[in-house]
Amino acid sequence: MTPDICIVIVNYNTGTLLARCLDSIRKEKDDNYRIIVVDNGSVDGSLDLLQTDYPETELIANSDNLGFAAANNQAIKRCREELLFFLNPDTELQAGCLRAIRKFMASQPEVGLAGPVIINPDGSPHPAVEYNYPAGRYSGGRFDNLPGKIAWILGAAMVARSSVIAAVGGFDTRFFLYAEDIDLCLAVRKEGWLLAEIPEAKVMHLEGQSEKGAPFVEVVERKVRSELLFLKKHYDIKTVRKIRGIRLLEAWWRICCLRFEGFFLDLPAEKKEKLIRYEVVSSLYRQA
């Protein structure tokens, strides 16, 4: 018997892209799924869109932005299906995706969480599988005995067994945005499950659309804070201090080089963003 799938989408002001995502699900012509959309206080008309054009979706409407992890947990509590498919609104399923997911998860009972192949809009591959954790080279081998070689799956599209998500307690809501997928995948591996990529299932991803209107410095701050939270949660204090020192030295050196260059030349946009990134790292790691 093929497993049921509960598709969970967290939306925040991405109504137009959400519509394209939902249309791609409809095109699968699959009756064995349910969609839950958790809206985190959107003000772009997403709610009207869902209620008017997509009445088949189950809607959880939050008045405020609770973050990606907390919103997913709200949907998890309502899911009774065998599989949970966490999907970003800036994605589109490619033909046969749901069928390939079912077939793979049914044939690989040792896999607790998996991800489809991610492609860019031009059809080129997008990295969806990682084999190392943040600052993993300084971990002292603490992750060496975990099952499998894949460390984590990109959170834009993740499929997990509901029983596995229940066993790990869902997402850690201390992660507002970024690194919650890394943390969840680590928890799944600690429970003894393998992670895997599903070669026959494909999803197109438009990266970072929910953060598109946010100032660059705010996006960088969220990413760095999430990395710090991950390190403090999973590494001992001695290792965290070592990583902190390395990150600070690297940031200070890069800042000096970029500012020196900027003194004589007008830095291109790419280097200006690098300078902002290293200044944020310096500030937040110094406070850590």
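Quick note: structure is the one above.
Conventions we followed
- Residues numbered from 1 in each chain as written.
- Predicted model: local features only at pLDDT ≥ 70, side-chain atom pairs only at ≥ 80, totals over all residues.
- Heavy atoms only, no water.
- Helix = DSSP H or I, 4+ residues; strand = E, 2+ residues; numbered from the N terminus.
- Rg over C-alpha atoms; globule rule 2.2 N^0.38 Å.
- Buried < 20%, exposed > 50% of the residue type's maximum accessible area, 1.4 Å probe, protein only.
- Contact = heavy atoms within 4.5 Å.
- Areas by Shrake-Rupley, 256 points an atom, 1.4 Å probe, with all protein chains shown as cover.
- Expected span 1.5 Å × (residues − 1).
- Core = buried A, V, L, I, M, F, W, Y, C linked by side-chain atoms within 4.5 Å.
- Patch = residues over 30% accessible without salt bridge, like charges linked within 9 Å, V, L, I, M, F, W, Y side chains within 5 Å.
- Salt bridge = Lys/Arg side-chain N within 4 Å of Asp/Glu carboxyl O.
- Lys, Arg positive; Asp, Glu negative; His and termini not counted.
- Charge placed at Lys NZ, Arg CZ, Asp CG, Glu CD.

Undergrad: What is the right way to read the overall build of the chain from this model?
TA: Of regular secondary structure, the chain possesses nine helices and 11 strands. Taken over the C-alpha trace, the chain has a radius of gyration of 20 Å; the compact-globule value for 288 residues is 19 Å, and the two agree within 12%. Each principal axis of the C-alpha distribution contributes one length, and for the chain these read about 60 × 45 × 35 Å. Taken across its 288 residues, the chain has 51% of its residues classed as buried. Restricting the contact set of the chain to residue pairs at least 6 apart, pairs at least 24 apart contribute 79%. As displayed, the chain offers around 14600 Å² of accessible surface, 52% of which is attributable to carbon and sulfur atoms.

Undergrad: So what exactly am I meant to see when it comes to helix α9 (residues 269-287) here?
TA: Since the α-helix packs 3.6 residues into each turn, any two residues three or four apart lie on the same face. Compared with the 27 Å implied by 1.5 Å per residue over 19 residues, the 27 Å span of α9 between its first and last C-alpha is a close match. Of the residues making up α9, those classed as buried are Leu275, Tyr278, Val280, Val281, Ser282, Leu284 and Tyr285. Structurally, α9 contributes buried residues whose contacts are with α7 (216-234) and α8 (237-264).

Undergrad: Honestly, the nonpolar core in this entry has me stumped. Any pointers?
TA: Proteins that are soluble and globular tend to have nonpolar side chains buried together. Counting residues in each nonpolar core, the largest one holds 57 residues, and the members touching the most others are Leu113 and Tyr133. With residues near it in sequence (within four places) discarded, Leu113 still touches Ile153, Met158, Val159, Ala160, Leu184, Cys185, Val188, Leu194, Leu195 and Ala196. By size, the runner-up hydrophobic cluster in this structure holds 35 residues, among which are Leu83, Ala100, Leu154 and Val203.

Undergrad: Can you walk me through a positive patch on the surface in this structure?
TA: A contiguous patch of positive charge, built from Lys223, Arg254, Lys274 and Arg277, is present on the exposed surface. Examined against the element boundaries, Arg254 turns out to sit in helix α8. For Arg254, a relative accessible area of 39% translates into the label partly exposed.

Purely geometric stuff here, so don't read any function into it on its own.
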